[in-house]
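Take a look at the letters that make up each chain.
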Amino acid sequence: MNYKTLLKVLIVIGIIAVAMGLVSAEKALLEEGKYKVGKDLPAGEYYVKCDSYNLYIADSSDSSGDLDSVIYNLNTHGGVYITVEDGEYLEIQGGKLYKLDDSPDRGADDGKYKEGMYKVGDDIPAGEYTVKSTEDQGYIEVSSNSRHKVEDIVANDNFKTDKKVKLSNGQYITLSNGAEIDVDDSAKSSDSSSSGSSNSKSKEITVDGIKFNIPDGFKEDSAEFKAYQRNFEKENDKISMDGKSFDNGKDVFTLGTITYDDYEVDDSIAEKVGGKSMTVNGVDGYEYDYENQHGFVYAKDGKLVVLLANDEDLIDQIITK
């Protein structure tokens, strides 16, 4: 079980409310080829996604093709962040380059971070993880930026057995040669090691002015929600989404709000999105079920408030007036 189903439902709810289609276009800035930075694309940070068997990237100081001119080159089956500077020459084979706001989903795939490069705080939350090797010898690299220079490597290792890695916001983690992170396994390990800490207490949070209660043992996974938030908002410039996703190693839930620039959401819209009317802890709203996911929607302060969970009992625990 992962967040993707819940987040996709959240997007579907936004679509229903405005009776419009969500175009899931990923706008590539560049196809494969050779480009000069400053002429063909601005200097900056980009995401390059493999769309064939292998992605090859080379960033060079000139167009000579000499090995001495290569600043860095990369081979991967996944996606990578790169930073290029004015006057450099970029070559891409087997993939497409995207602006960060227009890139494909960069988070976990079915609960696993597989081969590729991830930004901590955006694609994967900060914390300690267990990295496994699905091949003879996996490779992991943690770096401080996306320039791919040796001096920017914080830690790296070739390994055969499970390996622990601690990640901080702003860092980048690269997984290759069969290295992968299973979110569920890492969450269980983290929950076990942190039992008895202050994180075990339930707490009240506020999202976009709406209060929610977070049950004991749940931890936030901001990366997954941000990925879908980007995909939703980049195609709907008059709609904004705010929210959070939580996991306790077994159950997951997503909560949030959807706001429209052109009008305020009222009860009639919430009713169309939901189904059977119900009251939860003094809050009047509507029940919503989709593919074994349980939801509750209501209108407040001109916004559509949405809660989706894989366990129906969680709704009573989370909704608060």
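The notes below deal with the structure included here. (Residues numbered from 1 in each chain as written. Predicted model: local features only at pLDDT ≥ 70, side-chain atom pairs only at ≥ 80, totals over all residues. Heavy atoms only, no water.)

Side note on the pairing of strand β6 (residues 79-84)
As a reminder, the rule being used: Buried, partly exposed and exposed residues are distinguished by accessible area as a fraction of the type maximum, computed with a 1.4 Å probe on protein chains only: under 20%, between the cut-offs, and over 50%, respectively. Helix numbering and strand numbering both begin at the N terminus, where a helix is a DSSP run of H or I of at least 4 residues and a strand a DSSP run of E of at least 2. DSSP calls a pair of strands paired once it identifies at least 2 bridges connecting them.
Of all 6 residues making up β6, 6 are buried, and the element is well covered by its neighbours. By the alternation rule, side chains of β6 split into Gly79, Tyr81 and Thr83 and Val80, Ile82 and Val84, which are all buried. With 6 bridges joining them, strand β3 (residues 44-50) and β6 adopt antiparallel strand pairing. Each residue of the ladder has a partner; that of Lys49, found in β6, is Gly79.

Section: a negative patch on the surface
Let me state the cut-off plainly: In this analysis, a patch consists of residues with relative accessible area above 30% that form no salt bridge, clustered at 9 Å for like charges and at 5 Å for the nonpolar side chains Val, Leu, Ile, Met, Phe, Trp and Tyr. Only the protein chains shown count as cover for residues, and the accessible areas themselves come from Shrake-Rupley with a 1.4 Å probe. We define a salt bridge as a side-chain nitrogen of Lys or Arg found within 4 Å of a carboxyl oxygen belonging to Asp or Glu. His is not counted here, nor are the chain ends, while Lys and Arg score as positive and Asp and Glu score as negative. Charge coordinates come from a single atom per side chain, which is NZ of Lys, CZ of Arg, CG of Asp or CD of Glu.
A surface patch of negative charge is lined by Asp266, Asp267, Glu271 and Asp284. Among the structural elements, Asp267 can be located in helix α4 (residues 267-273). The exposure class assigned to Asp267 is partly exposed, which follows from its relative accessible area of 39%.

Some thoughts on the sheet that holds strand β14 (residues 163-167)
The strand order across the open sheet built from 4 strands is β9-β16-β11-β14, with neighbouring strands paired in antiparallel fashion. Two strands bound the open sheet, and with one partner strand each, they are β9 (112-113) and β14. Pairing of strand β11 (residues 127-133) with strand β16 (residues 179-182), which is carried by 3 bridges, proceeds in the antiparallel orientation. Each bridged residue has a counterpart across the sheet, and for Val131 the counterpart in β16 is Ile181.

Some details on the pairing of strand β8 (residues 95-98)
Relative to β8, strand β1 (residues 28-30) runs antiparallel, the two sharing 2 bridges. Across the sheet, residue Leu30 finds its bridge partner in β8, namely Leu97. With 4 bridges connecting them, β3 and β8 associate as antiparallel partners. Opposite Tyr47, over in β8, you have Tyr98 as the bridge partner.

Looking at unusual backbone geometry
We note that Asn177 has phi near 55 degrees; this positive angle belongs to a residue other than glycine. With respect to the secondary-structure elements, Asn177 resides in the loop between β15 (172-176) and β16. Here the phi dihedral of Asn281 falls at roughly 50 degrees; this positive angle occurs in a residue that is not glycine. Along the chain, Asn281 turns up in the loop between β22 (277-280) and β23 (283-290).

A word on the layout of surface pockets
Our working rule: Only protein atoms enter the 1 Å grid used here. Points where a 1.4 Å probe fits but cannot escape make up a cavity, open sets with protein on both sides within 12 Å along at least five of seven lines make up a pocket, and a residue lines them when an atom lies within 4 Å of a point. Grid points are joined across faces, edges and corners, and a volume is the space filled by probe spheres set on the points. Note that Gly is not counted as nonpolar here; it falls among the polar residues with everything else outside the nonpolar set of Ala, Val, Leu, Ile, Met, Phe, Trp, Tyr, Cys and Pro and the charged set of Asp, Glu, Lys and Arg.
Quantified by volume, the second largest pocket comes out at close to 360 Å³. Lining the second largest pocket are 21 residues; nearest its centre among them are Leu74, Asn75, Tyr139, Glu141 and Thr174. Contributions of two or more residues to the lining of the second largest pocket are made by β5 (70-76), β6, β10 (116-119), β12 (138-143) and β15. Counted by class, the lining of the second largest pocket contains 7 nonpolar, 10 polar and 4 charged residues.

Points about the sheet that holds β6
The cut-off we apply is this: Orientation is described by axes fitted as lines to C-alpha atoms, over the contacting stretch for helices, and by angles from 0 to 180 degrees between their N-to-C directions.
The strand order β1-β8-β3-β6 describes an open sheet built from 4 strands, whose pairing is antiparallel. Since the sheet does not close on itself, it has two edges, and those belong to β1 and β6, each with one partner. Adjacent strand axes in the sheet meet at a mean angle of 45 degrees, parallel and antiparallel pairs treated alike.

Here we look at the side chain of Glu91
Worth spelling out the cut-off: Counting of polar contacts relies on pairs of N or O atoms within 3.5 Å, with two restrictions inside protein: one atom must be capable of donating a hydrogen and the other of accepting it, and residues adjacent in sequence are counted only when both atoms are side-chain atoms. Pairs of residues are marked as contacts when any of their non-hydrogen atoms sit within 4.5 Å.
Mapped onto the fold, Glu91 is located in strand β7 (residues 89-93). As a buried residue without a salt bridge, Glu91 has its nearest oppositely charged side chain in Lys34, at a separation of 4.6 Å. Within polar-contact distance, the side chain of Glu91 engages the side chain of Gln93 at 2.5 Å. Sequence-distant contacts of Glu91, that is, excluding residues within four places in its chain, are made with Gly33, Lys34, Tyr56, Ile57 and Ala58.

Quick word on the packing of aromatic side chains
Quick note on the threshold: Side-chain rings of Phe, Tyr and Trp, where Trp is taken by its six-membered ring, are said to pair if the distance between their centres is within 6.5 Å; with planes under 30 degrees apart they count as stacked, over 60 as edge-to-face, and otherwise as tilted. Whether a charge sits over a ring depends on NZ of Lys or CZ of Arg being within 6 Å of the ring centre and within 35 degrees of the ring normal.
Evaluated as defined, the whole model comprises 6 aromatic pairs. Between the aromatic rings of Tyr81 and Tyr172, the centroid separation amounts to 5.4 Å while the plane-to-plane angle is 70 degrees, which identifies the pairing as edge-to-face. Placement of the pair is Tyr81 in strand β6 and Tyr172 in strand β15, with a sequence separation of 91 residues. Tyr81 sits in the buried class, given a relative accessible area of 0%. Accessibility expressed as a relative area gives 5% for Tyr172, which makes it buried. The interplanar angle of 45 degrees and the centroid separation of 5.7 Å between the aromatic rings of Phe296 and Tyr298 together place this pair among those described as tilted. Like Phe296, the residue Tyr298 is buried in the burial classification. Between Arg106 and the ring centre of Tyr47, over which it is positioned, the NZ or CZ distance is 5.6 Å.

Here we look at the pattern of salt bridges
Inspection of the entire model under this criterion finds 11 salt bridges. A salt bridge links Asp51 to Lys96; the nearest nitrogen and oxygen atoms lie 2.6 Å apart. Taken as a pair, Asp51 in the loop between β3 and β4 (55-60) and Lys96 in strand β8 lie far apart in primary sequence, 45 residues in all. Overall, the relative accessible area of 23% leaves Lys96 in the partly exposed class. As a salt-bridge pair, Glu88 and Arg147 come within 2.8 Å of each other at their nearest N and O atoms. Of this pair, Glu88 sits in the loop between β6 and β7 while Arg147 sits in the loop between β12 and β13 (153-159), and the two are 59 residues apart along the sequence. Since its relative accessible area comes to 6%, Glu88 is described here as buried. When its relative accessible area of 9% is taken as the criterion, Arg147 is described as buried. One continuous salt-bridge network, built from bridges that share partners, spans Asp59, Glu85, Glu88 and Arg147.

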